[in-house]
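Listed below, chain by chain, are the residues.
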Amino acid sequence: MEKTVYSTSGKELRTINLDDKVFGLPVNDDVIYYAITNELANRRVGTACTKTRAEVHGSNAKPFKQKGTGNARRGDKKSPLMVGGGTIFGPKPRDFSYSIPKKEKRLAMKSILSAHAQGNRLTVVEDFTVESGKTKDLVSILNNFAKDERTVLILKDDDKMIKRAGRNIPNLSFLSYNRLEAHTLYYGRKIIVLESAVKNLSEFYADDKEAK
């Protein structure tokens, strides 16, 4: 698959070949779903906690005598049926995280990249940086490719100056080629990939290379 490489000003420079093993695969919706669900589960904090009747502070004495009052029998004020009592089967702190096979996760990333490439939502831009680290300098570049859209910028490395310039831009996310996130990548409406990152993605997600 061929894609046009654009300059930071939005002009066409040249074409680049995208590896069909990464950008030209049939979209596998199942593995994409599994990868996104896995990421969301791993993000859950799992700190919700409620008190059972054994943990609620209160007296163990009967609130009133067993017979003669006309009320239902009560053993103590900590009963879940009483106001201020314990909670029945309430949430307790737990770990929601789990793992999925590396091959499945890698296939999900390649399926998402293929979906964007085949849907013309992926744009290749020449390598650039924002030496000033100013937001306005990065905005002037991004406006040539995306406006008011959920945009994902895939970097060739951990460029701190670009990230500094873009941290105040709404609907903009940064991903490194070797640390893609299925959820962020899938829901991006515009994917901007640096030219060097395209080559890195092709090498990193090659079928004959094991995940690191």
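Residues numbered from 1 in each chain as written. Predicted model: local features only at pLDDT ≥ 70, side-chain atom pairs only at ≥ 80, totals over all residues. Heavy atoms only, no water.

Asker: Mind laying out the confidence of the model for the chain, listing which residues take part and the relevant values?
Answerer: Looking at the chain as a whole, its pLDDT mean stands at 91, while 97% of the residues score no less than 70. When pLDDT is averaged over each helix and strand of the chain, the minimum, 91, is found for strand S1 (residues 2-6) and the maximum, 96, for helix H2 (residues 29-43). (pLDDT = per-residue confidence, 0-100. Helix = DSSP H or I, 4+ residues; strand = E, 2+ residues; numbered from the N terminus.)

Asker: I'd love a proper account of the nonpolar core, names of residues and values included.
Answerer: Leu138 and Ile154 are the most contacted members of the largest nonpolar core, which totals 47 residues. No other element matches the five residues that helix H3 (residues 102-118) contributes to this core. Once you skip the residues sitting within four places of it in the chain, Leu138 turns out to touch Phe128, Val130, Ile162, Ala165, Gly166, Ile169, Leu172 and Phe174. (Core = buried A, V, L, I, M, F, W, Y, C linked by side-chain atoms within 4.5 Å. Buried < 20%, exposed > 50% of the residue type's maximum accessible area, 1.4 Å probe, protein only. Contact = heavy atoms within 4.5 Å.)

Asker: Before we move on, could you go through the packing of H2 against H3 and cite the residues and values that matter?
Answerer: H3 packs onto H2 with a crossing angle of 110° between their chain directions and a minimal axis gap of 8 Å. The pairing of H2 with H3 is recorded here as roughly perpendicular in orientation. H2 and H3 meet at a crossing whose hand is left-handed. For the pair H2 and H3, the contacting residues are Val31, Ile32, Tyr34, Ala35 and Glu39 in the first and Glu104, Lys105, Leu107, Ala108, Met109, Ser111 and Ile112 in the second. (Axes fitted to C-alpha atoms, helices over the stretch in contact; angles between N-to-C directions. Parallel < 35°, antiparallel > 145°, perpendicular 65-115°, else oblique. Left-handed = near helix turned anticlockwise from the far one by under 90°.)

Asker: Provide a residue-level description of unusual backbone geometry, including the pertinent values.
Answerer: With a phi angle near 50°, Phe89 is a residue other than glycine that sits in the positive phi range. Structurally, Phe89 is set in the loop between H2 and H3. Look at Asn120: it is not a glycine, yet its phi comes out positive at around 60°. Looking at the secondary structure, you find Asn120 in the loop between H3 and strand S3 (122-125). The class of Asn120 is exposed, set by a relative accessible area of 59%.

Asker: Please give an account of the environment of Phe145 that cites residues and values.
Answerer: Along the chain, Phe145 falls in the loop between helix H4 (135-142) and strand S4 (151-155). Taking relative accessible area as the criterion, Phe145 reaches 13% and is therefore assigned buried. Put simply, Phe145 and Ile191 are 46 residues apart on the chain and 9.5 Å apart in space, counted from C-alpha to C-alpha. For Phe145, the residues in contact, after removing those within four places along its chain, are Tyr6, Ser7, Thr8, Gly10, Thr123, Val125, Lys190 and Ile192.

Asker: Outline the packing of aromatic side chains, listing residues and values.
Answerer: A complete count under the given rule lists five aromatic pairs for this structure. Here the aromatic rings of Tyr177 and Phe204 are separated by 6.0 Å at their centres, their planes lie at 90°, and the arrangement is edge-to-face. Taken together, the positions of Tyr177 in the loop between strand S5 (172-176) and helix H6 (182-186) and Phe204 in helix H7 (residues 195-204) put the pair 27 residues apart, joining distant regions of the chain. You'll find Tyr177 and Phe204 in the same group, each marked buried. (Phe/Tyr/Trp six-rings, centres within 6.5 Å; stacked < 30°, edge-to-face > 60°.)

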